Amino acid sequence: MMDGGSYRPVPLSTFTRRDEVEMARRARAFRDEMRRRRTVRDYSPEPVPGEVIDACIEAAGTAPNGANRQPWHFVVVGDPAVKHRIREAAEHEEMDFYEHRAPPEWLEALAHLGTDEHKPFLETAPVLIAVFAEKYELRGEEKLKNYYVTESVGIATGILITALHHAGLATLTHTPSPMGFLNEILDRPPNERPFLLLVVGYPAADALVPDITRKPLDRIASRR
Ligand code: IYR
């Protein structure tokens, strides 16, 4: 119901009921697949299939969201000249972050990840996906407010990262701050706020990742 009006529901026709053994098997298999996801910072320049990217964005577009406004926009960047401009702008902001803005406590929290202001992956990786959050919708002259925009776009981005991993691609969730430069470089309107920049590609053959672990179930969940 993109255009308001009255509630005219249709039967739920897409739900698949499974037996418990099958559910448990699928849940574990999916968990194990997700455990193989790692944030990758070293990329191969090898191109990735555009249809894979498109299908993953379509998956992201299924995210639950406020009032079904679907307040997101994804810009797929493959043009080396545009990637170059993004890298320059991101490194400029990051330099300021790492050298001036970041409090010592934050730099300490990042130390084990080996990140710094150099972002070569913004040019090496074949694809960047800039995710924008639509604060409001422009219907002609009219501004239509969107709801739960951050939650909605966060969930969509999570699905996008999951879909890309599931398809066989690596990602890096990059959050240059501030990232207003993305509006300018990618020519996006003022109702869209840059949410984050996803780096997408195949890992370099010699890619290294930080030696991290994930919190076990009993530390991330509880029952009452
Ligand atoms: N945006 C910076 C810093 C950074 C912050 C966090 I929190 C990270 O988990 C990783 C990096 C950068 O991209 O380097």
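Just above, that's the structure.
Given the structure is predicted, the values throughout are model-derived calculations rather than measurements. (Residues numbered from 1 in each chain as written. Predicted model: local features only at pLDDT ≥ 70, side-chain atom pairs only at ≥ 80, totals over all residues. Heavy atoms only, no water.)

Draft legend 1. The overall build of the protein chain, seen in detail. Counting its secondary structure elements, the protein chain contains eight helices and six strands. Reading the secondary structure of the protein chain in the N-to-C direction produces α-α-β-α-α-α-β-β-β-α-β-α-β-α. For the protein chain, the spread of C-alpha atoms along the principal axes amounts to about 55 × 55 × 40 Å. Among the 224 residues that make up the protein chain, the fraction classed as buried is 36%. Long-range contacts, defined as pairs at least 24 residues apart, comprise 81% of the intrachain contacts of the protein chain with a sequence gap of at least 6. (Helix = DSSP H or I, 4+ residues; strand = E, 2+ residues; numbered from the N terminus. Buried < 20%, exposed > 50% of the residue type's maximum accessible area, 1.4 Å probe, protein only. Contact = heavy atoms within 4.5 Å.)

Draft legend 2. Representation of unusual backbone geometry. Note the cis peptide between Ser177 and Pro178, where omega equals -5°. On the secondary structure map, Pro178 appears in the loop between strand S5 (170-174) and helix H7 (181-186). Although it is not a glycine, Asp187 adopts a positive phi angle of roughly 60°. Along the chain, Asp187 falls in the loop between H7 and strand S6 (192-201).

Draft legend 3. Examining the sheet that holds S6 more closely. If you trace the four strands from one edge of the open sheet to the other, you get S1-S2-S6-S5, paired in antiparallel fashion. Where the open sheet ends on each side, the last strands, each with one partner, are strand S1 (72-77) and S5. Geometrically, the sheet is characterised by an average inter-axis angle of 25° between neighbouring strands, direction not taken into account. Packed on one face of the sheet, helix H2 (residues 50-60) meets S1, strand S2 (127-134) and S6 and runs near 165° to S1. (Pairing = 2+ DSSP bridges. Axes fitted to C-alpha atoms, helices over the stretch in contact; angles between N-to-C directions.)

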